[in-house]
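Secondary and tertiary structure notes
Listed here are the chains, written in short residue letters.
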Amino acid sequence: MKLYKTEHGIILEKGDTFYRLPETDWDIVVNRDDLYEWLLLQTESLIALTFTEEYPMPEVLAPIGTQEVWASGVTYNRSKEARMEESEKAGGDTFYDRVYDAERPELFFKSTAWRVIGNHGTVRIRRDSTWDVPEPELTLFASESGTLVGYTIGNDMSSRSIEGENPLYLPQAKSYTGSAALGPCLYVPQEPLSPDTVIDLSIIREGEEVFNGEITLASMKRKADELLRFLYREMSFPTGCYLMTGTGIIPPSDFTLQIGDTVHITIEPIGTLTNTVG
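Reading the values: rules and limits
Numbering of residues starts from 1 in every chain and runs along the sequence as written. Local features are withheld for residues below a pLDDT of 70 in this predicted model, meaning they are given only at 70 or higher, and side-chain atom pairs are given and counted only at 80 or more; totals for whole chains, interfaces and linings count all residues. Only hydrogens and water are set aside; all other atoms, that is, all heavy atoms of the structure, feed into the side-chain values. Each helix is a run of DSSP H or I of at least 4 residues and each strand a run of E of at least 2, with the numbering of both proceeding from the N terminus. Restricting the calculation to C-alpha atoms gives the radius of gyration, and the globule rule supplies 2.2 Å times the number of residues raised to the power 0.38. Categorising residues by exposure relies on relative accessible area from a 1.4 Å probe, with only protein chains included: less than 20% of the type maximum marks a residue as buried, more than 50% marks it as exposed, and the intermediate range marks it as partly exposed. By definition in these notes, contact holds between two residues if any of their heavy atoms fall within 4.5 Å. For two strands to be treated as a pair, DSSP must find no fewer than two bridges joining them. To obtain an axis, a line is fitted to C-alpha atoms, over the contacting stretch when the element is a helix, and the angle between two such axes runs from 0 to 180 degrees between their N-to-C directions.

1. Structural notes on the overall build of the protein chain
Within the protein chain, the secondary structure is distributed over seven helices and 17 strands. Here the protein chain has a C-alpha radius of gyration of 18 Å; the compact-globule value for 278 residues is 19 Å, and the two agree. Taken over the C-alpha atoms alone, the protein chain extends approximately 60 × 45 × 30 Å along its principal axes. Considering the protein chain as a whole, with its 278 residues, one finds that 57% of them fall into the buried category. For the protein chain, contacts bridging at least 24 residues in sequence account for 74% of all contacts bridging at least 6.

2. Here's the deal with the sheet that holds strand S16 (residues 262-267)
Pairing in this open sheet of five strands is mixed, and the strands run S7-S17-S16-S13-S14 from one edge to the other. A single partner strand is all that each edge strand has here, and the edge strands are strand S7 (122-123) and strand S14 (208-216).

3. Points about the sheet that holds strand S15 (residues 241-244)
The sheet built from 10 strands is open, its strands ordered S4-S3-S2-S1-S12-S10-S9-S15-S5-S6 with mixed pairing. Of all the strands in the sheet, just strand S4 (48-49) and strand S6 (106-111) have a single pairing partner and so form its edges. Here strand S1 (residues 2-6) pairs with strand S12 (residues 180-187) via two bridges, running antiparallel. Bridge assignment links Leu3 to a residue of S12, and that residue is Leu186. The sheet strands contacting helix H7 (residues 224-231) are strand S5 (68-73), S6, strand S9 (136-142), strand S10 (148-156) and S15, and the helix crosses S15 at an angle near 125°.

Laid out in structure tokens, this is it:
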């Protein structure tokens, strides 16, 4: 099932049928350990909606209420290699090699809820950066208890030039206005996503595809329960939390985003998150 936060309430999609939930507070709806079962129960009493060209589905917003967005780093081997390459001149390359094999994962704060960009919104590259990439990431949603109850798609916009200059600059490279996008929905399955699930990244410039890459969840070294266990170890999240799980798709070192580029990140069965670079 899929949950859409819209300008006119919360829409639930089950199969090809849509329902409008009576509860309008996103935090109250999603912050429950039995979210799938609760949503299934709602479909038994709600009247199905019909969307037409004349009466379309309301505008979809980022699927977030008051939750924080955190992120994981160096969870794929390709990410480790890229971080080592960009930090080699600064002498920080060994940090990424060590964290890839360490028991403790790299976790960092990415964004407050009000800064998160939704589907078809505009993400940004920093004016003081010269090397910028999108990072397509499966994003977990966990309830207050730390229970994984859903997934969405995340774009962890990153300045490789700033992070590569010094690993201590990571917060500036990762957290700035327009650096985090989530969407298009919160996907709530009965079972966890399969390791065969594919993440696909496509970047379009002036109508032409200038980069495409894909990877499966099977390539992740760190698993969802491990990442959440460390995140929740000494942190509390009263309305739940989103956690980006890192990327295994990184454009080559001679590629950088430009204003006007369009970034498409697809993870089926969640959907596609599309953003324009501004």
